[in-house]
Amino acid sequence: MNLKITSFSEYKEVYDYSVREPENFWAEIADSFRWRKKWDKVLEWNFKEPSIKWFQGAKLNITENCLDRHLEKHGDRPAIIWEPNDPDEAHRVLSYKQLHDKVCQFGNVLRNNGVKKGDRVCIYLPMVPELAIAVLACARIGAIHSVVFGGFSAQSIADRINDAECSLVITADGGFRGAKDIPLKDIIDDALVQCRSVQKVIVLTRSRSPVSMIKGRDVWWEDEIKKVETQGNPPCPVEIMDAEDLLFILYTSGSTGKPKGVVHTCGGYMVYAGYTFANVFQYHPGEVYFCTADIGWITGHSYIVYGPLSQGATTVMFEGVPTYPSPSRYWDIVEKYKVNILYTAPTAIRSLMSFGTGPLEGKDLSSITKLGSVGEPINEEAWHWFDEKIGNKQAPIADTWWQTETGGIMISPIAGVTTTKPGYATLPLPGVQPVLVDENGKEIEGNGVSGNLCIKFPWPGMLRTTYGDHERCRQTYFSTYENMYFTGDGCLRDEDGYYKITGRVDDVLNVSGHRIGTAEVENAINMHTDVVESAVVGYPHEIKGQGVYAYVILGESVHDKELTRKNILQTVTRIIGAIAKPDKIQFVSGLPKTRSGKIMRRILRKIAEGETSNLGDTSTLLDPGVVDEIKAGAL
Ligand code: 7RM
């Protein structure tokens, strides 16, 4: 079978085949990749433990699929086009050959610094080509990367480094994002005070800001590269990996206070990222593809690095933000590199929409033939703006639903092949078996229904465990409904069988496409000395999708509430990072609790949404009086 589906009738045929004979289907997909040894068994699984094994017995290295296999015919093809934060700085183009050389060099640097197969490496870098190089170099030598987004605080990094027991950190002196300079090395230094496992820090020069370099621990990227060069550029033989060896850990928020380390493995993840990229975007050789995500999130892992490179694509990597130095920036980039495929997030679309059509004037977007959206539900207004103003009604929009845990796109239109519908992720990709279930775990069949979204059969890109705590993986994803993976999302299936994801049904917020647990934010707020208790909920936010609303009970000694408000924001920034800062803080004297002490978030959510009538049944509350006070003080 061909890796790529090219007509609606073929989609239906292939979809049915993938359900009827999943193992044959996936074996045929996997055949289009380069393996050192083919598998003995396609799939072995149970969702009880859970235990999921794809392509057992197979041997491979994902970087041979992303680099080596393209060299003979396409070595000079651009692999990465890098656009700097500052449009006046020179851009960079790395061909497949050049990228291969750099990955090999840095793989040797890692080996020289004692990194071995199975070791965990934390990567905290800005969006520069060296980030992709570092990720691929880890994969090449069999080290497990854990990329931490540049917006997280020292405390968050320390927690992640300690959870994975990383032995080495790769960072930069600093990074540029819009008008801001981010002191990455300083933040790492603060984090490492708490981290005993880290022996080495490799520091890339980017911002040339002053940093402290600790003897015996910190080394410069550039110096280490020179050492490899003076060794006469030895080749960097790949570590031959088992299909189920760990490829990476990526931390993501859930409904508890502590982020989970989602684990992906080499074989299945590679097949899934490559298959979904090729299909959803219908990538043709020579096309220029631009995904605006950060590699610190799963979208960047799967659809800036592994997916596109495994298919020999040209992937644009952008260091900056959509509004710097002006809200024309994305359109300038599209014009400059004649971008054909643009994959971005609803929050970015809404933000750019708010500037009107001025920033689009005189910009040539005619190269665009396909569009993608990811990270959160896309409202119809944003969908139509994207379609009309960016795609000129000629470019199909793939509204791609998926998660860190799924490794790749699950439900999405296939660009130009299957139908789109505003606000709908539409249909599952072949190989994906979604089901809707009610509160009791009973499958809801038929169309025109809604329920909680589960997946009832494994797919190669799914998570295998949560690092260091398999029980947590079972509890979170496989215990709510028997024999199903539970996504945490609510979903509607319309009369035509098209899926629309309506949002999280657990205590997870989605702020500008970033997942944030309400418990995580509450823990951070509660660390402030003046705070007795807090409750965090989401509310609809015009640009961010959801905003963070915090109800906070203060201790008695607080005199200057305005200062305390700012101090709380500072505390959250310190503990988690600026992305989790509450948009609104309401000081209250009590929270609506049941007699058993549970906070009734439903009420708090309604008030945050501005809905003060219809609060539903409040008779089970310990003190119904607090509700009136909270309503009166709502922001
Ligand atoms: C890729 C990514 C996952 C959560 C997921 C949803 C929400 C993502 C869509 C969406 C509606 C979409 N991974 N989500 N894509 N909701 N339509 N197309 O975002 O792990 O960071 O977040 O994001 O709630 O569960 S993630």
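Residues numbered from 1 in each chain as written. Predicted model: local features only at pLDDT ≥ 70, side-chain atom pairs only at ≥ 80, totals over all residues. Heavy atoms only, no water.

> Go over the overall build of the protein chain with me, naming the residues and quoting the values.
For the protein chain, the helix and strand inventory stands at 18 helices and 31 strands. Against the globule reference of 26 Å for 635 residues, the protein chain gives a C-alpha radius of gyration of 24 Å, in line with a compact fold. Counting only C-alpha atoms, the protein chain reaches 75 × 60 × 55 Å along its principal axes. Each of the 635 residues in the protein chain was classed as buried or not, and the buried ones make up 60%. A separation threshold of at least 6 residues defines the contact pool for the protein chain, and within that pool the share at least 24 residues apart is 71%. With 69 positive and 80 negative side-chain charges, the protein chain shows a spacing of 3 Å between the two charge centroids. (Helix = DSSP H or I, 4+ residues; strand = E, 2+ residues; numbered from the N terminus. Rg over C-alpha atoms; globule rule 2.2 N^0.38 Å. Buried < 20%, exposed > 50% of the residue type's maximum accessible area, 1.4 Å probe, protein only. Contact = heavy atoms within 4.5 Å. Lys, Arg positive; Asp, Glu negative; His and termini not counted. Charge placed at Lys NZ, Arg CZ, Asp CG, Glu CD.)

> Can you tell me about the pattern of salt bridges, naming the residues and giving the values?
Oppositely charged side chains may form a pair once their charged atoms are brought near each other. According to the stated counting rule, one finds 39 salt bridges in the structure shown. A salt bridge links Lys336 to Glu83, with the nearest nitrogen and oxygen atoms 3.0 Å apart. Placement of the pair is Lys336 in helix 11 (residues 329-337) and Glu83 in strand 4 (residues 78-83), with a sequence separation of 253 residues. Accessibility expressed as a relative area gives 41% for Lys336, which makes it partly exposed. Its relative accessible area of 2% is what places Glu83 among the buried residues. For Arg206, the salt bridge is made with Glu319, and the minimal N-O distance between the two is 2.9 Å. Taken as a pair, Arg206 in the loop between strand 11 (200-204) and strand 12 (218-220) and Glu319 in the loop between strand 17 (314-318) and helix 11 lie far apart in primary sequence, 113 residues in all. We note that Arg206, like Glu319, is buried. Overlapping salt bridges bring together Lys185, Asp189, Arg217 and Asp218 as one network. (Salt bridge = Lys/Arg side-chain N within 4 Å of Asp/Glu carboxyl O.)

> Outline the packing of aromatic side chains, supporting the account with residue identities and numerical values.
Enumeration over the complete set of coordinates arrives at 43 aromatic pairs. With 4.8 Å between their ring centres and 65° between their planes, Phe281 and Tyr343 make a pair best called edge-to-face. Highlighted residues: Phe281 in the loop between helix 9 (266-280) and strand 16 (288-291) and Tyr343 in strand 18 (residues 341-344), separated in sequence by 62 residues. The class for Phe281 is buried, based on a relative accessible area of 0%. Grouping aromatic residues by their ring pairs yields a cluster made of Tyr17, Phe25, Trp26, Trp35, Trp39, Trp54, Phe55, Tyr272 and Tyr275. Just above the ring of Phe152 sits the side chain of Arg160; from NZ or CZ to the centre is 4.4 Å. (Phe/Tyr/Trp six-rings, centres within 6.5 Å; stacked < 30°, edge-to-face > 60°. Lys NZ or Arg CZ within 6 Å of the ring centre and 35° of its normal.)

> Tell me what's going on with the site of the ligand, and back it up with residues and numbers.
Around the ligand, a shell composed of 17 residues is seen, among which Asp399, Thr400, Thr404, Asp489 and Arg515 lie nearest. Interatomic distance of 3.2 Å between a backbone N/O atom of Gly375 and an oxygen atom of the ligand. At 3.3 Å, a side-chain N or O of Asn510 approaches an oxygen atom of the ligand. Protein burial of the ligand: of its 530 Å² of free accessible surface, 96% is covered by the chains. Put simply, the parts of the chain that give the shell around the ligand at least two residues each are helix 10 (298-310), strand 20 (397-400) and strand 26 (499-504). Of the residues contributing to the shell around the ligand, the split by class is six nonpolar, six polar and five charged. (Near = heavy atom within 4 Å. Polar contact = N/O pair within 3.5 Å; in protein donor to acceptor, adjacent residues only side chain to side chain. Areas by Shrake-Rupley, 256 points an atom, 1.4 Å probe, with all protein chains shown as cover. Nonpolar A, V, L, I, M, F, W, Y, C, P; charged D, E, K, R; others polar.)

> Quick rundown of the sheet that holds strand 5 (residues 92-95)? Include the residues and the values.
Pairing is mixed in the open sheet, where seven strands are placed in the order 5-4-17-16-18-19-20. At either end of the open sheet lies a strand with only one pairing partner, and these are strand 5 and strand 20. Between one strand and the next, the sheet's axes are offset by a mean angle of 20°, whatever the strand orientation. Judged from the four bridges that link them, strand 18 and strand 19 (residues 370-374) form a sheet pairing that is parallel. Along strand 19, the bridge assignment pairs Tyr343 with Gly372. (Pairing = 2+ DSSP bridges. Axes fitted to C-alpha atoms, helices over the stretch in contact; angles between N-to-C directions.)

> Please provide a residue-by-residue account of the side chain of Ser18, values included.
Summarising the element assignment, Ser18 is placed in helix 1 (residues 8-20). What makes Ser18 buried here is its relative accessible area of 1%. Among the polar contacts made by the side chain of Ser18, one reaches the main-chain amide nitrogen of Gly431 at a distance of 2.8 Å. Once residues lying within four places of it in the same chain are set aside, the contact partners of Ser18 are Phe25, Pro430, Gly431 and Gln433.

> Explain the sheet that holds strand 21 (residues 434-437) residue by residue, including any values.
One open sheet holds the five strands; their spatial order is 22-21-23-25-26, and the pairing between them is antiparallel. Lying at the two open borders of the sheet, with one neighbouring strand each, are strand 22 (443-444) and strand 26.

> How would you summarise the environment of Asn233 if you had to cite specific residues and measurements?
Tracing the backbone through its elements, the reader meets Asn233 in the loop between helix 8 (221-230) and strand 13 (241-242). Setting aside chain neighbours within four positions, we find Asn233 in contact with Gln105 and Val228.

> If you had to explain the packing of helix 6 (residues 154-164) against helix 7 (residues 184-192) to someone new, which residues and values would you point to?
Direction vectors running N to C along helix 6 and helix 7 enclose 55°, while the axes themselves pass 8 Å from each other. Put simply, helix 6 runs oblique to helix 7. The chirality of how helix 6 crosses helix 7 is right-handed. Touching Ala154, Ile157, Ala158 and Ile161 of helix 6 are Ile187, Ile188, Asp190, Ala191 and Leu192, all from helix 7. Looking at the contact of helix 6 with helix 7 residue by residue, the class counts come to eight nonpolar, no polar and one charged. (Parallel < 35°, antiparallel > 145°, perpendicular 65-115°, else oblique. Left-handed = near helix turned anticlockwise from the far one by under 90°.)

> Now, about the side chain of Thr571: what can you tell me, with residues and values included?
Relative to the assigned elements, Thr571 resides in helix 16 (residues 561-575). Take Thr571: its relative accessible area is 15%, and that puts it in the buried class. Once residues lying within four places of it in the same chain are set aside, the contact partners of Thr571 are Ala524, Met527 and His528.

> Give a detailed account of helix 3 (residues 62-74), specifying residues and quantitative values.
Along an α-helix, a turn takes 3.6 residues, which lines up residues three or four apart on a common side. The end-to-end C-alpha separation of helix 3 is 18 Å, in line with the 18 Å expected for 13 residues at 1.5 Å each. Along helix 3, the positions that sit buried rather than exposed are Ile62, Thr63, Glu64, Asn65, Cys66, Leu67, Asp68 and His70. On its buried face, helix 3 is in contact with strand 3 (59-60), helix 4 (96-112), helix 5 (129-141), strand 14 (246-252), helix 9 and helix 10. (Expected span 1.5 Å × (residues − 1).)

> So, unusual backbone geometry: which residues are in play, and what are the values?
Looking along the chain, the bond that leaves Glu49 and enters Pro50 is cis, with omega of -5°. Looking along the chain, the bond that leaves Tyr324 and enters Pro325 is cis, with omega of -5°. With a phi close to 50°, Glu165 is a non-glycine residue in the positive phi region. Within the secondary structure, Glu165 sits in the loop between helix 6 and strand 8 (168-172). A positive phi angle, close to 50°, is found at Lys338, a residue other than glycine. With respect to the helices, strands and loops of the structure, Lys338 is situated in the loop between helix 11 and strand 18.

> I'd like a description of the packing of helix 9 against helix 10, backed by residues and values.
Two elements in contact, helix 9 and helix 10, have axes separated by 8 Å at closest approach and are oriented at 85°. Between helix 9 and helix 10, the angle falls in the class roughly perpendicular. In contact with Tyr269, Ala273, Gly274, Thr276 and Phe277 of helix 9, helix 10 contributes His301, Ser302, Tyr303, Tyr306, Gly307, Pro308 and Ser310. Each residue belonging to the contact of helix 9 with helix 10 can be placed in one class, and the counts come to six nonpolar, six polar and no charged.

Interpretation note: all reported values are geometric properties and have no functional meaning in isolation.
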